[in-house]
Amino acid sequence: MMVSPRIEDTFVKVIFGWGILAAMFTSGPVKVNVFVGANSNNEPAAGFGDVNISAILNSFQMGYDKRVRPNYGGQAVTVGVTMFVLSISELSEVGMDFTLDMYFRQFWQDPRLSFERRPGLDKLVVGAEYIKLIWVPDTFFVNEKTAYFHDATTDNQFVRIFHTGDILRSIRLTITASCPMDLQYFPMDSQLCYIEIESFGYTMSDIRYKWNDGLNSVQVSGDVSLPQFKVLGHRQKTIEASLSTGNYSRLACEIQFVRSMGYYLIQIYIPSSLIVVISWVSFWLNRGATPARVGLGVTTVLTMTTLISSTNSALPKISYVKSIDVYLAACFFMVFASLLEYASVGYMAKRIQMRKNRFLAIQKMAEQKKNEALHASNANINDATNLDLGPGLPKQTTVHFKVHDPSRHCKGGSRENTITKYNNAHPVGRFPRRFDEEAPPPPPAPCPPAPKMVQPISVVTPKDINKMFGITASDIDKYSRVIFPITFVCFQLMYWIIYQHLSDILVEDLVFLQKE
């Protein structure tokens, strides 16, 4: 029964001697925070209080060179990696990057740090100060822009050393990494951002990275939320990167984000649609209300221009067309077409009025020519039919009669004329008939030369005088009241159906985020 305490005392003395020798060869004492793994029943192990943990840690430094990796010249060191994403604070389209806060953990084995397991002592948990005394992988993030460690209230990292020589290093990092985005379907797009992990100086012959827990190596907190995005899930990759300096082992974690459209519906889509509807009000206004219609059209065009400018100012200056550009361009075209519609109405009304004025002028001119020709014809006929009876003749009587004169009236028209008769005598050779007898028609007088014919003028009939191309100016407003809404509704249906189908892209092998 006394053998076991003696062996234990001997072991303590040996460890104590190693501690004294280590203190002699080091420049000063190493100050570390040490936490020792205990049993689950919280009872102290036999003889545990006699173990000097500092001596164990100091013993690790005897002959240890942190500049040399474990198993140098032999098998490559396998470094396992896990990540736990605490939060994602920003995803910027302008900077093409995203920022996340995470626990980054690395696992590897260093046989030089193994120690004898004892009851209740299977691992040592030390603080950040001890990390500077041991070899650690030179891991870096390939697509990192900026990164920083957290040091409130102390450095947020620790190291666990297991008795087998397995090392766990956990550190809290905030990283801003680049994320090339395809904004072709913006704002109905989904983005796939990634973080790449690689050794900076060791090739695959020295270090190989792996996901330590398989598909569960990357975990995302259920509290992760962004104003404009939803985290759909993630996937993990193992890559062999070939560079000019050799082949390197690389890990990639891809996180898929789906954009929420609520903001853009409220701030862009609905206002631009209402602006288009407001531009249609001019179709119901009187076309004579020029200030009202022109003011409404110009205001809607300028409003759409301002909305387009403010939308693109918050996005990167890319050369390809985005989904929202198509919608805003269609709305701008609709309000601009409404303004041009009133211009066409005014132009057509002006042309119709000019034609009407020209028709009235031609009609008035034709009436004047007709009256002048009629007066000239009547004057010639009266001169030819007047009878010169001479002086001293008996009392005369005027008799009205109608004469058919085909030589003067081309279509057989009749004219009314007068002759004079005597009341009490019958002059010889002139009127041999009775007084009350109707006088014969006088001999036809020679027809005066016909006036010069005027070229026929084509006059528009009153039925078409108020139309141009078969429609009136008011018809354009009537047709626009129907065509513009139907066109816009058809565009809306085609836009949402096509882009919702094209933007519905789901990444394969995605591990979905379970928030419930």
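Scroll up for the structure.
Residues numbered from 1 in each chain as written. Predicted model: local features only at pLDDT ≥ 70, side-chain atom pairs only at ≥ 80, totals over all residues. Heavy atoms only, no water.

A few points about the overall build of the protein chain
In step 1: Within the protein chain one finds 6 helices and 16 strands.
In step 2: The 516 residues of the protein chain split such that 36% are buried.
In step 3: The contacts of the protein chain with a sequence gap of at least 6 include a subset with a gap of at least 24, amounting to 78%.
In step 4: Total accessible area computed for the protein chain in this model is approximately 31,100 Å², and 59% of it derives from carbon and sulfur atoms. (Helix = DSSP H or I, 4+ residues; strand = E, 2+ residues; numbered from the N terminus. Buried < 20%, exposed > 50% of the residue type's maximum accessible area, 1.4 Å probe, protein only. Contact = heavy atoms within 4.5 Å. Areas by Shrake-Rupley, 256 points an atom, 1.4 Å probe, with all protein chains shown as cover.)

Some thoughts on the packing of aromatic side chains
In step 1: Under the criterion given, the structure shown has 24 aromatic pairs.
In step 2: A centroid spacing of 6.2 Å and a plane angle of 45° characterise the contact between Y269 and Y495, whose relative ring orientation is tilted. One end of the pair, Y269, is in helix 3 (residues 262-279); the other, Y495, is in helix 6 (residues 473-502), and 226 residues separate them in sequence. Per residue, the accessibility class of Y269 equals that of Y495, and both read buried.
In step 3: Where F332 meets F336, the ring centres are 6.2 Å apart and the plane angle is 10°; that geometry is what we call stacked. Of this pair, F332 and F336 both sit in helix 5 (residues 323-385), 4 residues apart, which is roughly one turn of the helix.
In step 4: Under the relative-accessibility criterion, F332 is labelled partly exposed at 29%.
In step 5: On the basis of relative accessibility, which here comes to 35%, the residue F336 falls in the partly exposed class.
In step 6: Within the aromatic cluster, the residues linked to one another by ring pairs are Y185, Y269, W280, Y327, F488, F491, Y495, W496 and Y499.
In step 7: If you follow R112 out to its NZ or CZ, it ends over the ring of Y64, 4.2 Å from the centre. (Phe/Tyr/Trp six-rings, centres within 6.5 Å; stacked < 30°, edge-to-face > 60°. Lys NZ or Arg CZ within 6 Å of the ring centre and 35° of its normal.)

Here we look at the state of the cysteines
In step 1: Inspection of the entire model under this criterion finds 1 disulfide.
In step 2: Between C179 and C193 runs a disulfide, and the two sulfur atoms are separated by 1.9 Å. Taking the torsion about the S-S bond as the criterion, the C179 to C193 disulfide, at about -80°, is left-handed. One end of the pair, C179, is in the loop between strand 8 (166-178) and strand 9 (190-199); the other, C193, is in strand 9, and 14 residues separate them in sequence.
In step 3: With a relative accessible area of 0%, C179 lands in the buried category.
In step 4: C193 sits in the buried class, given a relative accessible area of 0%. (Disulfide = S-S within 2.5 Å.)

Looking at helix 6
In step 1: Counted at 1.5 Å a residue, the expected span for helix 6 with its 30 residues is 44 Å, and the 43 Å between its end C-alpha atoms agrees.
In step 2: At S480, helix 6 shows its largest kink, close to 30°. (Expected span 1.5 Å × (residues − 1). Bend = angle between axes of the 7 residues up to and from the residue.)

Brief notes about the packing of helix 3 against helix 6
In step 1: Remark: helix 3 packs on helix 6, axes separated minimally by 12 Å, with the N-to-C direction vectors making an angle of 155°. On the basis of their axis angle, the class for helix 3 and helix 6 is roughly antiparallel. Pair helix 3 / helix 6 crosses with right-handed handedness. Contacts between helix 3 and helix 6 pair L265, Y269, S273 and V276 from the former with F488, Q492, Y495 and W496 from the latter.
In step 2: Taken together, the residues of the contact of helix 3 with helix 6 break down into 6 nonpolar, 2 polar and no charged. (Axes fitted to C-alpha atoms, helices over the stretch in contact; angles between N-to-C directions. Parallel < 35°, antiparallel > 145°, perpendicular 65-115°, else oblique. Left-handed = near helix turned anticlockwise from the far one by under 90°. Nonpolar A, V, L, I, M, F, W, Y, C, P; charged D, E, K, R; others polar.)

Some details on the environment of Y130
In step 1: With respect to the helices, strands and loops of the structure, Y130 is situated in the loop between strand 4 (123-126) and strand 5 (139-141).
In step 2: We classify Y130 as buried; its relative accessible area is 2%.
In step 3: In this structure, the C-alpha to C-alpha distance between Y130 and L57, residues 73 residues apart in sequence, is 9.1 Å.

Section: the pattern of salt bridges
In step 1: Taken as a whole and assessed by the stated rule, the structure comprises 14 salt bridges.
In step 2: Put simply, D65 and R67 hold a salt bridge, and the shortest N to O gap is 2.9 Å.
In step 3: Among the residues examined, D65 registers a relative accessible area of 26% and is labelled partly exposed.
In step 4: Between R172 and D101 there is a salt bridge, with its nearest N and O atoms 2.7 Å apart. One end of the pair, R172, is in strand 8; the other, D101, is in strand 3 (residues 97-109), and 71 residues separate them in sequence.
In step 5: Classification of R172 by relative accessible area gives partly exposed; the value is 25%.
In step 6: By relative accessible area, which is 9% here, D101 ends up buried.
In step 7: One salt-bridge network, held together by shared partners, links E93, D189 and R259. (Salt bridge = Lys/Arg side-chain N within 4 Å of Asp/Glu carboxyl O.)

Looking at helix 3
An α-helical segment advances 3.6 residues per turn. Residues three or four places apart therefore align on the same side.
In step 1: Under the 1.5 Å per step criterion, the end-to-end length of helix 3 is 25 Å for 18 residues, consistent within 8% with the ideal 26 Å.
In step 2: Where helix 3 bends most, at Y269, the angle is about 30°, and the proline P271 comes one to four residues later.
In step 3: All buried positions along helix 3 are accounted for by Y264, I268, Y269, S272, S273, I275, V276 and S279.

Observations concerning the pairing of strand 2 (residues 77-92)
In step 1: In this structure, strand 2 lies alongside strand 10 (residues 207-211), joined through 5 bridges in parallel fashion. Of the residues in strand 10, the one forming a bridge with G80 is K210.
In step 2: Alignment of strand 2 against strand 3, held across 11 bridges, turns out to be antiparallel. Paired with V85 across the strands is M102, a residue of strand 3.
In step 3: Linking two consecutive strands that pair antiparallel, namely strand 2 and strand 3, is a turn of 4 residues; a positive phi of about 50° is found at M96 within it.
In step 4: Strand direction decides the pairing type here: strand 2 and strand 11 (residues 218-220), joined by 3 bridges, are parallel. Bridge assignment links M83 to a residue of strand 11, and that residue is V218. (Pairing = 2+ DSSP bridges.)

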